[in-house]
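As a plain string of letters, each chain reads:
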Amino acid sequence: MNDDYADWQGRHIETLLTANNETEFFAALSAAARELGFDHCAYGMRLPWPITSPKLVLVNNYSAEWQQRYAEKGYLAVDPTVQHGMKSVLPLVWTESVFEGCRDFWEDARGHGLNVGMAQSSYNAMGVGGLLTLARSHEALSEAELRKNALKVQWLTQYATEGMTRLVQANKEADTPSLTAREVEVLRWTAEGKTSSEVGQIMNISERTVNFHINNSLVKLGAVNKTALVIKAAMLRLL
């Protein structure tokens, strides 16, 4: 690790991880991106819950016109950088071939001054996925620039994901019900495939008491059945 990388990292790590809200977070992220030579940056985070419609968090400093256009055209569904980021953590540099299957999107983006760019994804231990996109209107990315900044972009994406996850978790904690130690133990055994009768034998309590704890947990988490309950509790890291 050279002095340039260590200095750059040191100046940005605290602001990313201690931001009190999304505004402060994105100010820190965009400042780091500018130092890497990019006028625009966008960060998207996909949480693993709810399972059927995972929550998305999107922040960027694109023009208002492009943000509106992107939303109106539903470009999120066809953006190849997003599709790549969901399958790989390898960096993706914008090229003509990358946008081969969505020429209208590519021409539209360039029409809004987004000609040069790259994307880098990351995933953390909670299953949260993040995608950082860096863009500018001119000066193609050279091999030398890519080699010089590769580690910085990877690091920035990972810490962006950790920083934003912390903010989302902080906002969610007030809305997340707590389970008692007994309820957690019951759900852990249930997650192992044990029936209420078997859980009762393992915990030395009656089957009725096991079902009492399960019913309490169903109400607390708003789940419709035991399967959904265990999945939701696990996704909320309550187990």
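Structure report, in brief.

## Notes on the sheet that holds strand 5 (residues 129-136)
Pairing is antiparallel in the open sheet, where five strands are placed in the order 2-1-5-4-3. Two strands close off the open sheet at either side, each with one partner strand: strand 2 (56-60) and strand 3 (92-93). Both strand 1 (residues 40-46) and strand 2 contribute to a ladder of five bridges, which runs antiparallel. In the strand pairing of strand 2, Ala 42 is matched with Asn 60. Helix 2 (residues 22-35) contacts strand 1, strand 2 and strand 5 of the sheet and is inclined by roughly 130° relative to strand 1.

## Details of the nonpolar core
Counting 32 residues, the largest nonpolar core has Phe 25, Leu 29, Tyr 43, Met 45, Leu 134, Leu 156 and Met 164 as the members making the most contacts within it. For this core, the secondary structure elements donating two or more residues are helix 1 (3-17), helix 2, strand 1, strand 2, strand 4 (116-123), strand 5 and helix 6 (143-173). Examining the composition of this core, we find that seven residues originate from one element, helix 6, more than from any other. Contacts of Tyr 43, omitting those with residues within four sequence positions, involve Phe 25, Leu 29, Val 57, Leu 58, Val 59, Gly 130, Leu 131, Leu 132, Ala 160, Thr 161 and Met 164. Listed in part, the 18 residues of the second largest apolar core include Val 82, Trp 106, Ala 109 and Ala 119.

## Focus: helix 8 (residues 196-203)
Those residues of helix 8 that sit buried are Ser 196, Val 199, Gly 200 and Met 203. Along the axis of helix 8, the buried residues cluster in a sector spanning 100°; they form a single face. In the core, the buried residues of helix 8 are packed alongside helix 7 (181-191), helix 9 (207-221) and helix 10 (226-235). At the C-terminal side of helix 8, Asn 204 shows a positive phi close to 60°.

## Observations concerning a nonpolar patch on the surface
The grouping of Leu 56, Leu 58 and Leu 76 at the surface amounts to a nonpolar patch, some 260 Å² of accessible area in total. Here Leu 58 lies in strand 2. By relative accessible area, Leu 58 is classed as exposed at 55%.

## Digging into the pattern of salt bridges
Taken as a whole and assessed by the stated rule, the structure comprises 11 salt bridges. Of the charged contacts in the structure, one is a salt bridge between Lys 152 and Asp 4, with a shortest N-O distance of 2.7 Å. Of the two residues, Lys 152 is situated in helix 6 and Asp 4 in helix 1; the sequence distance between them amounts to 148 residues. Taking relative accessible area as the criterion, Asp 4 reaches 42% and is therefore assigned partly exposed. The closest approach of N and O atoms between Asp 108 and Arg 69, which form a salt bridge, is 2.6 Å. Here the residue Asp 108 occupies a position in helix 5 (residues 103-111), and Arg 69 occupies one in helix 3 (residues 64-72), the gap between them amounting to 39 residues. In this structure Arg 69 comes out as partly exposed when scored by relative accessible area, which is 32%. If you follow the salt bridges from partner to partner, you end up with Glu 96, Arg 103, Glu 107 and Arg 110 in one network.

About the cut-offs
- Residues numbered from 1 in each chain as written.
- Predicted model: local features only at pLDDT ≥ 70, side-chain atom pairs only at ≥ 80, totals over all residues.
- Heavy atoms only, no water.
- Pairing = 2+ DSSP bridges.
- Helix = DSSP H or I, 4+ residues; strand = E, 2+ residues; numbered from the N terminus.
- Contact = heavy atoms within 4.5 Å.
- Axes fitted to C-alpha atoms, helices over the stretch in contact; angles between N-to-C directions.
- Core = buried A, V, L, I, M, F, W, Y, C linked by side-chain atoms within 4.5 Å.
- Buried < 20%, exposed > 50% of the residue type's maximum accessible area, 1.4 Å probe, protein only.
- Arc of directions from axis to C-beta.
- Patch = residues over 30% accessible without salt bridge, like charges linked within 9 Å, V, L, I, M, F, W, Y side chains within 5 Å.
- Areas by Shrake-Rupley, 256 points an atom, 1.4 Å probe, with all protein chains shown as cover.
- Salt bridge = Lys/Arg side-chain N within 4 Å of Asp/Glu carboxyl O.

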